[in-house]
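A closer look at the structure
Listed here are the chains, written in short residue letters.
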Amino acid sequence: MTALIERATKKEQAIARQNLPSVSRLAASFARREEPVDIEVSDHELVQLKLPAKVFRLLKSILSMMAEGKAFSLIPEDSELSTQQAADMLNVSRPFLVKLLEAGEIPFKKVGSHRRILMEDFITYSRIMEAQREKALQELAKQAQELDMGY
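What this report covers is the structure whose coordinates are included nearby. (Residues numbered from 1 in each chain as written. Predicted model: local features only at pLDDT ≥ 70, side-chain atom pairs only at ≥ 80, totals over all residues. Heavy atoms only, no water.)

Another aspect to go through is the overall build of the protein chain. Helix and strand content of the protein chain: five helices and seven strands. Relative to its length of 151 residues, the protein chain is extended, with a C-alpha radius of gyration of 20 Å against a globular reference of 15 Å. Each principal axis of the C-alpha distribution contributes one length, and for the protein chain these read about 55 × 55 × 35 Å. The proportion of buried residues among the 151 residues of the protein chain is 22%. Across the protein chain, contacts joining residues at least 24 apart in sequence account for 53% of those joining residues at least 6 apart. Total accessible area on the protein chain stands at roughly 11500 Å², and carbon and sulfur atoms take up 54% of it. (Helix = DSSP H or I, 4+ residues; strand = E, 2+ residues; numbered from the N terminus. Rg over C-alpha atoms; globule rule 2.2 N^0.38 Å. Buried < 20%, exposed > 50% of the residue type's maximum accessible area, 1.4 Å probe, protein only. Contact = heavy atoms within 4.5 Å. Areas by Shrake-Rupley, 256 points an atom, 1.4 Å probe, with all protein chains shown as cover.)

As structure tokens, then:
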């Protein structure tokens, strides 16, 4: 199951921006919580829900994207990506991604002549790259301070 959420309207963006700080605070306060969270929702009737605390992190991400007017997808971790989908998500060309695959940077399997990447492996690679970028950025900032470059 993949859920595609279309671009938010201006009204929806405003509502998302308005509620994002509250949801962000809740997500932060429930970050390490393992017990479910009790919430109440009212429309025509009061509905009481017991939700996993992790839901608030997801809700924060959804509201953040909606506030920016972005369309987005929810993709299960056990899904498979084509090379074009993975390249698009990494913001690189498909040939560059294929080179990463062939170099063993990201695990993949072949279905006929097509390469498929498990979403779980893609996420792992993305997190490793993000950590390396953050480390390099910290090193550059440290060097700039040591050289008194005004940063």
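With that out of the way, let us pick up the pairing of strand 2 (residues 37-42). Bridging between strand 2 and strand 3 (residues 46-51) involves six bridges; their strand directions are antiparallel. Note on strand 3: the bridge partner recorded for Glu40 is Gln48. Between strand 2 and strand 3, which pair antiparallel and follow one another directly, the connecting turn spans three residues. (Pairing = 2+ DSSP bridges.)

On to the sheet that holds strand 7 (residues 114-118). Sheet architecture is open: three strands sit in the order 5-7-6, paired in antiparallel fashion. Because the sheet does not close on itself, it has two edges, and the strands there are strand 5 (80-82) and strand 6 (109-111). Strand after strand, the sheet turns through a mean of 45 degrees between neighbouring axes, direction not considered. Across the sheet, helix 5 (residues 119-146) touches strand 5 and strand 7, and the angle it forms with strand 7 is around 70 degrees. (Axes fitted to C-alpha atoms, helices over the stretch in contact; angles between N-to-C directions.)

Moving on: the environment of Leu147. Position of Leu147 relative to the elements: it lies in the segment after helix 5. Leu147 sits 64 residues away from Thr83 along the chain, and the two C-alpha atoms are 42 Å apart.

Summed over all chains, the structure comprises six salt bridges. A salt bridge links Glu68 to Lys70, with the nearest nitrogen and oxygen atoms 2.9 Å apart. A salt bridge links Glu102 to Arg115; the shortest N-O distance between them is 2.8 Å. Placement of the pair is Glu102 in helix 4 (residues 94-102) and Arg115 in strand 7, with a sequence separation of 13 residues. (Salt bridge = Lys/Arg side-chain N within 4 Å of Asp/Glu carboxyl O.)

Moving on, we come to the packing of aromatic side chains. Taken as a whole, this structure holds one aromatic pair when the rule is applied. Each ring, one from Phe30 and one from Phe56, has its centre 5.2 Å from the other, and the planes form 65 degrees; the classification is edge-to-face. Taken together, the residues Phe30 in the loop between helix 1 (10-29) and strand 2 and Phe56 in helix 2 (residues 55-67) connect sequence positions 26 residues apart. Classification of Phe56 as buried rests on a relative accessible area of 7%. (Phe/Tyr/Trp six-rings, centres within 6.5 Å; stacked < 30°, edge-to-face > 60°.)

In short, the description is geometric, and any link to function would need to be established separately.
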